[in-house]
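Here's the letter readout for the chains.
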Amino acid sequence: MATCLIGCRIVSDAPEGRTVARITETEAYLWNDAAAHSFRGRTLRNASLFLERGHAYVYFIYGNHYCFNVSGDRAGVGAGVLVRAAEPLDGFELIRARRGMVRDLDLLRGPGRLAQGLGISREHDGLDLTTGKRLWIAPRVRPVPNVGVTVRIGITKECELPLRFYDADSAHVSGPKRLR
DNA sequence: CGGCTGATGATCT
DNA sequence: GATCATCAGCCGG
């Protein structure tokens, strides 16, 4: 699931306009994974992780940022994929207006930046990403020949599992250089 | 470049 | 009251 998403496109339709980006980096969170938000069972906040595969789970973290996930298993199973980075494809001006004056490479590089640049917030939590309303995922146009794997970033539990995936040929990827 | 830190608020215990 | 799947800004090399 996490590797399936690499190279797919996220389309976000907002009142201000449409933005499109190509996913370059993901992290998997499993159903029995101490690092996953679903680990201690379903709550009001994480309920979307338990929806059928392909629904949005958006949460607010550190007082400033949203993170965008895609639920990854059957209904009732709390698993998902955090989308950590993407490359802008369309709606460049809108993404930049949301993100401010940063390097092009940093527009959507990192989960909080990605959500900000694409205008994703808790309003999108629970949306079905396969039906093409407001926010959806479109298939890859081209295959991604080189997918790298590393440990996940920024977590305090299960730090050693190799569940972070990224397009090794893209510069639009987050994390320290040694992790690429 | 890498390393560190403060901001900031929802969520859960 | 602690925790947190982050980021921008600042510092030193």
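Refer to the structure presented above.
Here we summarise the structure given alongside this text. (Residues numbered from 1 in each chain as written. Chains lettered and ligands numbered in written order. Predicted model: local features only at pLDDT ≥ 70, side-chain atom pairs only at ≥ 80, totals over all residues. Heavy atoms only, no water.)

## Regarding the packing of aromatic side chains
Describing an aromatic ring pair means giving the distance of the ring centres and the angle of the ring planes. Just so we agree on the cut-off: Stacked, edge-to-face and tilted labels apply to pairs of Phe, Tyr and Trp rings (six-membered ring for Trp) whose centres lie within 6.5 Å, assigned for plane angles under 30 degrees, over 60, and everything in between, in that order. The classification of residues rests on relative accessible area computed with a 1.4 Å probe and restricted to protein chains. Under 20% of the type maximum is buried, over 50% is exposed, and intermediate values are partly exposed. In this scheme, the term charge over a ring applies when either NZ of a lysine or CZ of an arginine sits within 6 Å of the ring centre and within 35 degrees of the ring normal.
Per the counting criterion, the structure on display carries 2 aromatic pairs. Considering the side-chain rings of Phe 60 and Tyr 66, the 4.9 Å spacing of their centres and the 50° angle between planes classify their relative orientation as tilted. Its relative accessible area of 41% is what places Phe 60 among the partly exposed residues. Here Arg 152 stacks its cationic end above the ring of Tyr 29, 4.6 Å away from the centre of that ring.

## Let's talk about helix 3 (residues 111-118)
Put simply, the rule reads: Helix numbers and strand numbers start at the N terminus; a helix is a DSSP run of H or I with at least 4 residues, a strand a run of E with at least 2. In what follows, a contact means two residues having at least one pair of non-hydrogen atoms within 4.5 Å.
Counting buried positions along helix 3 gives 6 out of 8 residues, so the element sits mostly inside the fold. Listing the buried residues of helix 3 in full gives Pro 111, Gly 112, Leu 114, Ala 115, Gly 117 and Leu 118. On its buried face, helix 3 sits against strand 1 (9-14), strand 2 (17-29), strand 4 (65-71), strand 5 (80-90) and helix 2 (92-99). Gly 119 sits one or two positions beyond helix 3 and adopts a positive phi of about 70°.

## Focus: the protein's contact with DNA strand B
Put simply, the test is: We define proximity as follows: a residue is near a molecule or strand when any one of its heavy atoms falls within 4 Å of that partner. Each polar contact in these results corresponds to two N or O atoms within 3.5 Å; when the atoms are within protein, one needs to be able to donate a hydrogen and the other to accept it, and residues that are neighboring in sequence are counted only if both atoms are side-chain atoms. In this classification, the charged set is Asp, Glu, Lys and Arg, the nonpolar set is Ala, Val, Leu, Ile, Met, Phe, Trp, Tyr, Cys and Pro, and all remaining amino acids, among them Gly, are polar.
Surveying the vicinity of DNA strand B reveals 9 residues, the closest of which are Thr 43, Tyr 62, Gly 63, Asn 64 and Arg 122. Near the protein, meaning within 4 Å, the atoms of DNA strand B are sugar or phosphate in a fraction of 71%, with bases accounting for the rest. Between DNA strand B and the protein, one listed contact pairs a phosphate oxygen with a side-chain N or O atom of Thr 43 at 2.3 Å. At a separation of 3.4 Å, a sugar or linking oxygen of DNA strand B approaches a polar side-chain atom of Asn 64. Here the residues of the surface near DNA strand B are counted per class, giving 2 nonpolar, 3 polar and 4 charged.

## Here we look at the side chain of Asp 106
Considering the arrangement of structural elements, one finds Asp 106 in the loop between helix 2 and helix 3. Separated by 2.8 Å, the side chains of Asp 106 and Arg 109 make a polar contact. In contact with Asp 106, other than residues within four places in its own chain, are Arg 99 and Arg 113.

Geometric values such as these leave the question of function open.
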